[in-house]
Every structure is written in structure tokens, then in C-alpha cells.
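# Structure at a glance
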Amino acid sequence: MDPAAPDYYGLEGLLTAEERLARDTVGEFVDREVIPIVPAAVREGRFPRQLVPRLAELGILGARLRGDGAGLSAVGYGLVMQELERGDSAVRSFASVQGALVTHAIDAFGSDEQRERWLPALAAGRSIGCFALTEPDAGSNPAAMRTRAKRDGGDWVLSGTKRWITNGSMADVAVVWARAGETFHGFLVEAGAPGFQSSEMTGKWSMRASDTSELSLADVRVPEAARLPGATSLRAPLSCLTEARYGIAWGAIGAASACYRVARDYATTRVQFDRPIGGHQLVQAKLVEMLSGITTSQLLAWRLGRLKEEGALRPQQVSLAKRHNVAHALWTARAARDVLGANGIVDEYPVFRHLANLETVVTYEGTHDIHTLVVGQDLTGLSAFA
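Fair warning: this is a prediction, and the values are worked out from it, not measured in the lab.

If you tally the helices and strands in the protein chain, you get 11 helices and nine strands. For the protein chain, the C-alpha radius of gyration of 21 Å lies close to 21 Å, the compact-globule estimate for 386 residues. Along the first, second and third principal axes, the C-alpha set of the protein chain runs to 80 × 45 × 45 Å. Expressed as a percentage of the 386 residues in the protein chain, the buried residues total 53%. Counted over contacts in the protein chain with a minimum sequence separation of 6, partners at least 24 positions apart contribute 74%.

Okay, here's the thing in C-alpha cells:
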């Protein structure tokens, strides 16, 4: 057992050969092609778009599609997300939006024509998609969205603003969610449609290598054929978010493991007071807490994946895993920064980059507190939401 991996409880033995191969293949890609270029992308505040063809080539962008997808098991897909986030949250986020939110929405709720047009292009990276649900005043409560869809003859007219949209400025197609009276619908809005504009959000201290955008829809006219026919309520976008949150629960393990590995290696080589700092009780305590949380997160994610494969997964279980795994990853990044001292804030080491990114991951796709209330309601049968 390599204590720097870490796999303290022998999870390797619970994986299939195909799952290990998927993890190792993507892990090698991350080591060779992602990690070397991420620091520059973070400094420049841009998504490393040159990675998209390689993500597609590896089958990541269509990994969970029916039919022509790579056919990965749920656990295999989770391990891929883990490795991508070990590189950077922005890379995993791109893959999650493209391969879970957007493709799942079209696959699950789209028409045959929509699937035929968009799914092969999205899986191959020829087209990029974004998922436009969040608004300036509607984050944790999507039912409060102000984007409206009105019928006008055989068309729909969309008006509103979406914010914090990953891939928004790069997207060829946006899955836009809008209210029509008491119902909610999803629409496929193509870049360049009259009245549709995207602008990249700047000034971020977190997720700097991610394309985060604001979308403006000013009386954007789309045909009925652009509406997702199977999506008629908020259950549709929320089910898509469950898919993305599942990937996040795994991805957080990658970020935490990267920080743990750096902290452990540093603690065994950095000498203070005539011995490595890893020989001091307080540093060992931090390393043990890191390992303990990572091991718990691994087992949670593994069981979650097997439940998903069995068709027995409940959204509340995803909430528990997302809540726990991201919170502990954030704690691990902070503790690793502490172990590294001043070296923890420079980009020679990935710790502070992961720390900054996880401050976003703990908020998006449902905040820590929101997932707490989701699980609390499941336990008691009583809603604490206003």
C-alpha cells in the first residue's frame, strides 16, 4: 500500500479491471497534459481549451451516454472525475457540465432529433455546451427564477439573465431553463441567436481556469423544436444537477488527495528543529485527519456509485456525499497549506490553487448548508426550508 496514494482501506480490490484502467489512463493524461499547463491558465484566467479534443478522445465527454458513449460504470466515471479534479477543478467542471449536465439534459429530456444533432457533437468535443439555470437572484432556490418563456405562434420568446454559467462564453449551445406560467421548460439556444449574448465574468480569485459567464436573453426567439419536450417541471433540471453532484463528490477526492500527497511529502523532507516536521505530533495529527476524511470520502463515493449502477440511488444520498466530500476536501486543502507554511501560498505547489477552487465547489451545485437541509428533511420528514 502506497501511503501517498492514498488507499488505506484497500478500495483497489473493490474496483473492476475496466474501472482501474479508466482511472489510470485519465490519471496519466492529467499528469502529462493537465498539471504542467494549469498554473499558466490560472495566472491568465483562461480555460485551457486545447484540452477539449483530448478529453473527447479519451471518451470522457460522452462517458455516461447511452448508445455511443464510452460505457463506463458509474464508479468508473467517478474515478475519472476524481483524476480530472486532481489536476484542477476547472477541468473537472468543464467535463461535468459538458458530459453530465448538458448531455444528460438532452439525452433524458430531448427529442430524437435533438439527440441526433447534439449528442455526437458534444461527445466528440466538436460542440461545447453550457447549462443555464442559475440567475443573479436565483441560486439555491431555482423556483424563484425570473427568466420567462412566452409562446408566440409556433415559437417561444425567452427573456432573462443567467449568471455563474460554466462554459458560457465558449458554448455553441446553451440549455436554458425558463418559467412559462406555472411550469418550467428547457430550451436549446444556439450561440449567435438574435438577442442572445454571453460575457465572461472576470475578477475571480477562485476557479480562475474556468470559463464562468453571464448570459443575457433579450426576447430571444426559438422554435418549438428547440424546447426539450420531456422537461416540464423543475424536476428535470434538478435531476441533471444530481448527475453533476455525483461527479463532484468524486472530484473532491482528487483535490483532497493532491493536497494530502504534497503535505505528506513536504512533512517528511522539510527539516525544522533538527528533524523532519512530520516527526512532530501536531503535523502528524493533521496528516491523519486528512487521510481519515479522504478514506471516508472514498468509501462514500464507491458505495454511491454502486447504488447508482443498481438504480437504487436517491438524490439525498448524493447530497450527503457532496456535502461531506467537498467540506473535507476544503479542510484538507487548508490543513495542507498550514503544513507547507509560507510555501503553501505559491504556485510551485498546487495546494492554494485547490484551496481557492474548493471555496467555489463547496458553494456551487448546492451549498453545504442547502445539502444539510436536504438530508435533514430526509431524516425527519420536516422541511426547514423557508
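And the narrative resumes.
A word on the nonpolar core. As a rule of thumb, soluble globular proteins bury nonpolar side chains together. By size, the foremost hydrophobic cluster in this structure holds 73 residues, and its most contacted members are Ile60, Met81, Leu84, Phe94, Trp250, Met290 and Val339. Examining the composition of this core, we find that 14 residues originate from one element, helix α7 (residues 235-269), more than from any other. One finds Leu119, Met145, Ala231 and Cys240 within the second-largest nonpolar core, a separate group that totals 24 residues.

Close contact between helix α4 (residues 74-87) and helix α5 (residues 89-109) brings their axes to 7 Å; oriented N to C, the two are set at 145°. Touching Tyr77, Met81, Leu84 and Glu85 of α4 are Ser89, Val91, Arg92, Ala95, Ser96 and Ala100, all from α5. When grouped by side-chain class, the residues that make up the contact of α4 with α5 number six nonpolar, two polar and two charged.

This paragraph deals with the pattern of salt bridges. In total, this model carries 29 salt bridges according to the counting rule given. Arg334 is paired through a salt bridge with Glu359; the nearest N and O atoms lie 2.5 Å apart. Residue Arg334 is located in helix α9 (residues 315-340), and its partner Glu359 is located in helix α10 (residues 351-361); the two are separated by 25 residues in the primary sequence. Judged by its relative accessible area of 43%, Arg334 is partly exposed. Relative accessible area serves as the criterion here: at 35%, Glu359 is assigned to the partly exposed category.

Applying the stated criterion across every chain, the model contains four aromatic pairs. Judged by centre distance (5.8 Å) and plane angle (55°), the rings of Phe131 and Trp177 are tilted. Linking Phe131 in strand β1 (residues 129-132) with Trp177 in strand β4 (residues 173-180), this pair joins segments that are 46 residues apart in sequence. A cation over an aromatic ring shows up here: Lys308 above the ring of Tyr246, its NZ or CZ 5.5 Å from the ring centre.

Calculation notes
Residues numbered from 1 in each chain as written. Predicted model: local features only at pLDDT ≥ 70, side-chain atom pairs only at ≥ 80, totals over all residues. Heavy atoms only, no water. Helix = DSSP H or I, 4+ residues; strand = E, 2+ residues; numbered from the N terminus. Rg over C-alpha atoms; globule rule 2.2 N^0.38 Å. Buried < 20%, exposed > 50% of the residue type's maximum accessible area, 1.4 Å probe, protein only. Contact = heavy atoms within 4.5 Å. Core = buried A, V, L, I, M, F, W, Y, C linked by side-chain atoms within 4.5 Å. Axes fitted to C-alpha atoms, helices over the stretch in contact; angles between N-to-C directions. Nonpolar A, V, L, I, M, F, W, Y, C, P; charged D, E, K, R; others polar. Salt bridge = Lys/Arg side-chain N within 4 Å of Asp/Glu carboxyl O. Phe/Tyr/Trp six-rings, centres within 6.5 Å; stacked < 30°, edge-to-face > 60°. Lys NZ or Arg CZ within 6 Å of the ring centre and 35° of its normal.

Keep in mind these numbers describe shape, not what the thing actually does.
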